[in-house]
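# Structural overview for review
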Amino acid sequence: MTVTVGSSREFSNLANTHPEWHEAIGSLFEEVVAIRRDLHKNPELSFQETRTAGIVSARLREWGYEVTENVGGTGVVGLLKSGVPGPVVGLRADMDALPMMDEIAADYRSQRDGAAHTCGHDAHTAILLGVAKLYSGKGLPCGTLKLIFQPAEEIGEGAAAMIADGALQNPKVDLMAGLHVHPTLHTGEFSVTTAEYSCAAVDIFELEVKGKGGHAAHPHQTVDPIMISAQILVALQQIVSRQVDPLDSVVLSFGQIEAGSKATIIPNSVLLKGTVRTLKPETRKEMPERMAAIASGIAQSFGGECELDYQFITPSIKIDGSARELLSDTISELYGEDALKISLPSMGGEDFAYFSQEVPSVFFRLGTKNGEATAFPNHNTRFDVDEQAFLYGISVLGLLTYNYLKKNEGEKG
């Protein structure tokens, strides 16, 4: 394996401003890349990350961490204590892969059919292990570092399961931070939103429209649920365009329509399935009532009826202002003010949101684009990352931890 360390001008400059960080991160870089490539070749789906968790646990123990396994299923928590009073910093990485094929040309391509790290969770895990090894050598200035390796982000269940299993307690976490690799940014760049919420809440719904079936040649003898559904599909978009503040953000999308058995038969019912994405909790809370009122009104006006099954899944990621400022200062200290870009909130979901509901948190994007091979979007079969980006991820999470602990030294026993 050939690995180039510090080939980019920005990371090399770290040798001038933080020489000890530059040397320490450079020395562990090759090992982090090897871990990532091994994980990429051996992806595991949600709540099946047993091999990955085993690798994480073994490394953490080797580096002197207290390790708790099987947290929230297949999650791992690593704890490093300084012995000096101070707060607890929590850093999170997700470990699961997606149920799809890997079509990259690299020799570390997935060896498992139907499973692939096409969202970069292998990179997240490797980066956090890099931070773990960094502090096993440097030691913490004070307080405690809690590393949370989470399963099942792709199905939105792992974070909540770990929290329910006590991942944020004993000791209680005071600050949470996480990152996500992203090909919309070049290696050496970072982005964060200035909005209160970073990623959208993710909800799903099923809307069953009931009518009275019959022969398609005699529609007047039926209550046609397909035509009622067509009216509902269009009308529900009025929530987005006419019932929600234009400066707020709502997405209401349908992904499935199930109806009928034959072209000449009007069915008894139609099942519509979709997702709602919102940023503000108050807007999210109002969506089921608004949808039900419109859909029921339309169905009843044509002689039908409907039932809405609305499920709240993952909340929005809440960004703490002080934590965001600390991130901004840390990136500026390492790589200059122009390294941090300001991004709009995403209507995609991320179950890091559950941590952000419990603890002041910051979540940011790490640039991983460096040429055509690393320009494919997340969840694409050819998604890959520039491994040089690991240098930036490790250094920012590492110094963010250091700066927070030093700033709040002595505040906790």
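Criteria and thresholds
Residues numbered from 1 in each chain as written. Predicted model: local features only at pLDDT ≥ 70, side-chain atom pairs only at ≥ 80, totals over all residues. Heavy atoms only, no water. Helix = DSSP H or I, 4+ residues; strand = E, 2+ residues; numbered from the N terminus. Rg over C-alpha atoms; globule rule 2.2 N^0.38 Å. Buried < 20%, exposed > 50% of the residue type's maximum accessible area, 1.4 Å probe, protein only. Areas by Shrake-Rupley, 256 points an atom, 1.4 Å probe, with all protein chains shown as cover. Phe/Tyr/Trp six-rings, centres within 6.5 Å; stacked < 30°, edge-to-face > 60°. Axes fitted to C-alpha atoms, helices over the stretch in contact; angles between N-to-C directions. Parallel < 35°, antiparallel > 145°, perpendicular 65-115°, else oblique. Left-handed = near helix turned anticlockwise from the far one by under 90°. Contact = heavy atoms within 4.5 Å. Nonpolar A, V, L, I, M, F, W, Y, C, P; charged D, E, K, R; others polar. Expected span 1.5 Å × (residues − 1). Bend = angle between axes of the 7 residues up to and from the residue. 1 Å grid on protein atoms, 1.4 Å probe; cavity = no way out; pocket = protein on both sides within 12 Å on 5 of 7 lines; lining within 4 Å. Points joined across faces, edges and corners; volume = space filled by probe spheres on them.

Looking only at helices and strands, the protein chain has ten helices and 14 strands in total. In terms of C-alpha radius of gyration, the protein chain reaches 24 Å, essentially the compact-globule figure of 22 Å for 413 residues. Seen along its three principal axes, the alpha-carbon backbone of the protein chain occupies a region of about 80 × 45 × 40 Å. Across the 413 residues in the protein chain, those meeting the buried criterion constitute 53%. As presented, the protein chain carries roughly 17,500 Å² of accessible surface, and 48% of it is formed by carbon and sulfur atoms.

Here the structure, examined in full by the defined rule, presents eleven aromatic pairs. On the numbers, 6.3 Å between centres and 55° between planes, the contact of Phe190 with Phe364 is tilted. A residue pair is termed long-range when its members are at least 10 positions apart, and Phe190 in strand β6 (residues 190-193) and Phe364 in strand β14 (residues 361-369) qualify at 174 residues. Judged by its relative accessible area of 0%, Phe190 is buried. Centroid distance Phe352 to Phe355: 5.9 Å. Interplanar angle 55°. Geometry classified as tilted. The class for Phe352 is buried, based on a relative accessible area of 0%.

This next bit is on the packing of helix α2 (residues 19-41) against helix α10 (residues 389-407). It is the contact of α2 with α10, at a shortest axis distance of 9 Å, that shows an interaxial angle of 125°. It follows from the interaxial angle that α2 and α10 lie oblique. The element α2 and its partner α10 pack so that their crossing is right-handed. Along its contact with α2, which presents Trp21, Ile25, Leu28, Phe29, Val32, Val33 and Arg36, the element α10 presents Phe390, Leu391, Ile394, Ser395, Gly398, Leu399 and Tyr402. Partitioning the contact of α2 with α10 into residue classes produces eleven nonpolar, two polar and one charged.

The next point concerns the side chain of Thr118. Structurally, Thr118 can be placed in the loop between β3 (88-94) and α4 (121-138). When sequence neighbours within four positions are dropped, the list of residues in contact with Thr118 reads Leu98, Met100, Met101, Asn378, His379, Asn380, Thr381 and Phe383.

All right, on to α2 then. Working note: α-helix, 3.6 residues per turn, so residues spaced by three or four point in the same direction. Taking 1.5 Å of rise per residue, 23 residues should cover 33 Å, and α2 covers 34 Å from first to last C-alpha, within 8% of that figure. Along α2, the helix axis deviates most sharply at Phe29, where the bend reaches about 40°.

This part is about the layout of surface pockets. The volume enclosed by the largest pocket comes to roughly 630 Å³. Surrounding the largest pocket, 30 residues form its lining, Glu153, Cys199, Gly348, Gly349 and Glu350 being those nearest its centre. For the lining of the largest pocket, the secondary-structure elements that each account for two or more residues are β5 (175-186), β6, β7 (201-210), β12 (305-314) and β14.

In this section: the side chain of Thr144. Mapped onto the fold, Thr144 is located in strand β4 (residues 144-150). Here Thr144 falls in the buried class, since its relative accessible area comes to 11%. Each residue touching Thr144, except ones within four places of it in the same chain, is listed here: Leu79, Leu80, Lys81, Pro87, Val88, Val89, Pro171 and Leu405.

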